[in-house]
Amino acid sequence: MILKLQVRSGVAESAAAPAGLPQQEAIFRPALILMAGRLFGFLAAFAIPMVLARLFEPAEFGTYKQIFLIFGTLFVVAQAGMAESLYYFLPSDCERAGTYICNTLLVLATLGVLSLVGLSLYTNELARLLNNPELGSYIPLVGLYLLFMLVAVVLEIVMTVRKQHLYASSAYGISDLSRALCYILPVLLIADLKALMIGAIAFALARLAATILYVTREYRTSLHADPGVLGIHLAYAIPFGAAALIEVIQVNYHLYAVSYYFNAATFAIYAVGCLQIPISDFLMTSTCNVMMINMQEKIKSGAYREVVSIWLDSIRKLALIFFPMVAMLMMLAEPLIVFLFTDTYLESVPIFMVCTLSMLLATFLTDGALRVFGQTHFLILQNIVRLAIVVMFMPWFLEHYHLVGAITVTLLATLVSKALALYRIKQVLGVGLEELLPWRAIVMTLSMAALALIPAVMVITAIEATGFWKLSVGAIVYLAGYHRLVMMIGPMADDEKAMLSRYLNRPINCLRSRISA
């Protein structure tokens, strides 16, 4: 209640201040540094499914997707909220940071071993559940890969909390690039899924070694376990982990449902349609992580008036990227899918278009804000609601809309969840509806994203380009039009526009300097 009243009074005080000035350095620049590092590994990592879709038949490619569906599900569940909750504890209790990290590593290692044992014991049952007998021989390897990756998950988290943004950026980039190489090179030599899994395990071992080296170097003698601190950590992490468990079931339920009802080849078509553009994930993750750290610091220092401002500013900046990205992907869905996965997966296009809309909802960083305020129990509630909607309505949507129905009901459940979360955040911040979101910036950004479609659609309709050239021309024209609108009327401060121009012009200036030299 005290926080609510202080935040409420802070809103009025900050209203007269220049919008965005205090947090531009705190959010925009660190987030850009984190994003930039992952961009180096982005193209290589994105090439993984492109290569495999060409080397494997749809049924084998579907098996690959099922392997990493299992891994992705357990990777979130087995963390039990321990790693992500470091964003909450490390900034607020710096003196015991080494203890929190050591406890986290030990818990993650224990849960990794338990996951490996469970997967080894229930291999055949899991293969039957996913309607794919061929899957059984790979599941123990998934458990080994999961064990190493779980312990290594703290690497970039600790770097980010310590504001070593350049280190975190480099770690993201090197890790993504190394992962891509370890996945692809063995398959190019031996077109077999077991070769891929061996490469994946080798990558996970290298990442684990890097994590242990970094943590022991940074914390040295302070890296020790403490049962008392672990109890505090678990009190926060368990509800958060329970929320994550429900969330990952809800998020992946449609994939398991399609896998259960259809064969591996059909699942491959659906999985391709559910393609997540990696850049969107790390843009959201980087922005959310920086937002959480800065909000937590403001709360700790008593600067409550800045909390709402950071929340609004993070959404505004993420919308400037996600809204046009959604519009562009919707426009270029067919050439993109065909270019990435060949026309074998043309049926994936409508699924991809519906899935892309979820990026609009990802703009609103509700989970991060709720975690900052310790609202982990509400996270559980909202995820139960999402899961209930998906489970109840999945059969009807599959029956009436086939594969598109599975992703549609998932999107609707997410929409309901976001609405509930925003209502709770409104209560916690103690603000009115008009102050809950940056409404003017959202409307302006949506309008600009839509207006930029006009010249892009006209150009790709007029030319006879297909495939890669249609994709390239459409993207260039759209981005150029959107960039022009942003610089003219976009909801950005002048110094933000100047910063953006510097980042965009840096490669050109670098090239010019090399030519002149």
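If you're wondering where the values come from, they're calculated on a predicted model, not measured in any experiment.

K.L.:
Sorry if this is basic, but what is going on with the overall build of the protein here?
P.N.:
If you tally the helices and strands in the protein, you get 24 helices and 0 strands. Within the protein, the fraction of its 517 residues that count as buried is 53%. Within the protein, contacts between residues separated by at least 24 positions form 82% of all contacts whose residues are at least 6 apart in sequence. Looking at the protein as shown, the accessible area adds up to about 22700 Å², and 68% of this sits on carbon and sulfur atoms.

K.L.:
Before we go on, may I ask you to explain the packing of aromatic side chains in this structure?
P.N.:
How two aromatic rings sit relative to each other is set out by the distance from centre to centre and by the angle between their planes. Applying the stated criterion across every chain yields a total of 19 aromatic pairs. Where F89 meets Y100, the ring centres are 4.8 Å apart and the plane angle is 20 degrees; that geometry is what we call stacked. Taken together, the residues span a long stretch of sequence, with F89 in helix α4 (residues 86–92) and Y100 in helix α5 (residues 97–121) at a distance of 11 residues. Under the relative-accessibility criterion, F89 is labelled buried at 5%. R179 extends its terminal NZ or CZ atom over the ring of Y183, reaching a point 5.8 Å from the ring centre.

K.L.:
I keep staring at unusual backbone geometry and nothing clicks. Help me out?
P.N.:
Backbone phi values are negative for most residues with the exception of glycine, while trans is the configuration of most peptide bonds. Residues other than glycine seldom take positive phi values, yet A80 does so here, at roughly 55 degrees. Relative to the helices and strands, A80 is located in the loop between α3 (58–77) and α4. We classify A80 as partly exposed; its relative accessible area is 24%. Phi at N131 takes a positive value of approximately 60 degrees, unusual for a residue other than glycine. Within the secondary structure, N131 is located in the loop between α6 (123–129) and α7 (139–151). Taking the relative accessible area as the measure of exposure, N131 reaches 38% and is therefore partly exposed.

K.L.:
Whenever I open this one, the pattern of salt bridges confuses me. Can you help?
P.N.:
A side chain of one charge can pair with a side chain of the opposite charge if their charged atoms are brought near each other. The full count for this structure, using the stated rule, is 7 salt bridges. The salt bridge involving E125 is made with R128; its shortest N-O contact spans 4.0 Å. Here E125 and its partner R128 are both found in helix α6, 3 residues apart, which amounts to about one turn of the helix. For R128, a relative accessible area of 58% puts it in the exposed group.

K.L.:
Before we go on, may I ask you to explain the environment of M359 in this structure?
P.N.:
With respect to the element layout, M359 can be found in helix α17 (residues 358–362). Judged by its relative accessible area of 8%, M359 is buried. Separated by 34 residues in the primary sequence, M359 and M325 have C-alpha atoms spaced 8.5 Å apart.

K.L.:
I would appreciate a short explanation of the packing of α3 against α7 in the present structure.
P.N.:
Any two packed helices are characterised by how steeply their axes cross, that is the angle between the axes, and by the distance between the axes. Running from N to C, α3 and α7 point in directions that differ by 35 degrees, and their axes come no closer than 10 Å. For the pair α3 and α7, the sense of crossing is right-handed. Here I67, F68, I70, F71, L74 and F75 of α3 lie close against α7, whose contacting residues are I139, V142, Y145, L146, M149 and L150. For the contact of α3 with α7, the class distribution of residues is 12 nonpolar, no polar and no charged.

K.L.:
Teacher, can you tell me more about a nonpolar patch on the surface here?
P.N.:
Residues L55, L177, L181, L185 and L188 make up a contiguous nonpolar surface patch of roughly 430 Å² in combined accessible area. Looking at the nonpolar patch, the element that brings in the most residues is helix α9 (residues 165–189), giving 4 residues. Structurally, the position occupied by L188 is in helix α9. Among the residues examined, L188 registers a relative accessible area of 52% and is labelled exposed.

K.L.:
Whenever I open this one, the nonpolar core confuses me. Can you help?
P.N.:
In this structure, F61, Y145 and W311 are the most contacted members of the largest nonpolar core, which totals 163 residues. Setting aside residues no more than four positions away along its own chain, Y145 makes contact with F68, F71, R179, Y183, M197, A200, I201, F203 and A204.

K.L.:
Explain the side chain of S115 to me, please; I cannot follow it from the model alone.
P.N.:
Topologically, S115 is positioned in helix α5. Among the residues examined, S115 registers a relative accessible area of 13% and is labelled buried. S115 has contacts with A78 and L146, leaving out every residue within four places of it along the chain.

K.L.:
Can you help me understand helix α14 (residues 305–331) in this one?
P.N.:
One turn of an α-helix holds 3.6 residues; hence residues three or four places apart share an orientation. The first and last C-alpha atoms of α14 sit 41 Å apart over 27 residues, in line with the 39 Å expected at 1.5 Å per residue. In α14, a bend of some 35 degrees at A319 exceeds every other bend along the element. The buried count for α14 comes to 23 of 27 residues, which makes it a mostly enclosed element.

K.L.:
Sorry if this is basic, but what is going on with the environment of V431 here?
P.N.:
Relative to the helices and strands, V431 is located in the loop between α19 (376–429) and α20 (433–436). When the C-alpha positions of V431 and V308 are compared, they lie 8.7 Å apart, and in sequence the two are 123 residues distant.

K.L.:
What is the right way to look at the packing of helix α21 (residues 439–451) against helix α23 (residues 467–489) in this model?
P.N.:
Direction vectors running N to C along α21 and α23 enclose 145 degrees, while the axes themselves pass 9 Å from each other. Along this stretch, α21 crosses α23, giving a crossing that reads as right-handed. Seen from α21, the contacting residues are M444, T445, M448, A449 and L451; seen from α23, they are Y478, Y482, L485, V486 and I489. When grouped by side-chain class, the residues that make up the contact of α21 with α23 number 9 nonpolar, 1 polar and no charged.

Criteria and thresholds
- Residues numbered from 1 in each chain as written.
- Predicted model: local features only at pLDDT ≥ 70, side-chain atom pairs only at ≥ 80, totals over all residues.
- Heavy atoms only, no water.
- Helix = DSSP H or I, 4+ residues; strand = E, 2+ residues; numbered from the N terminus.
- Buried < 20%, exposed > 50% of the residue type's maximum accessible area, 1.4 Å probe, protein only.
- Contact = heavy atoms within 4.5 Å.
- Areas by Shrake-Rupley, 256 points an atom, 1.4 Å probe, with all protein chains shown as cover.
- Phe/Tyr/Trp six-rings, centres within 6.5 Å; stacked < 30°, edge-to-face > 60°.
- Lys NZ or Arg CZ within 6 Å of the ring centre and 35° of its normal.
- Salt bridge = Lys/Arg side-chain N within 4 Å of Asp/Glu carboxyl O.
- Axes fitted to C-alpha atoms, helices over the stretch in contact; angles between N-to-C directions.
- Left-handed = near helix turned anticlockwise from the far one by under 90°.
- Nonpolar A, V, L, I, M, F, W, Y, C, P; charged D, E, K, R; others polar.
- Patch = residues over 30% accessible without salt bridge, like charges linked within 9 Å, V, L, I, M, F, W, Y side chains within 5 Å.
- Core = buried A, V, L, I, M, F, W, Y, C linked by side-chain atoms within 4.5 Å.
- Expected span 1.5 Å × (residues − 1).
- Bend = angle between axes of the 7 residues up to and from the residue.

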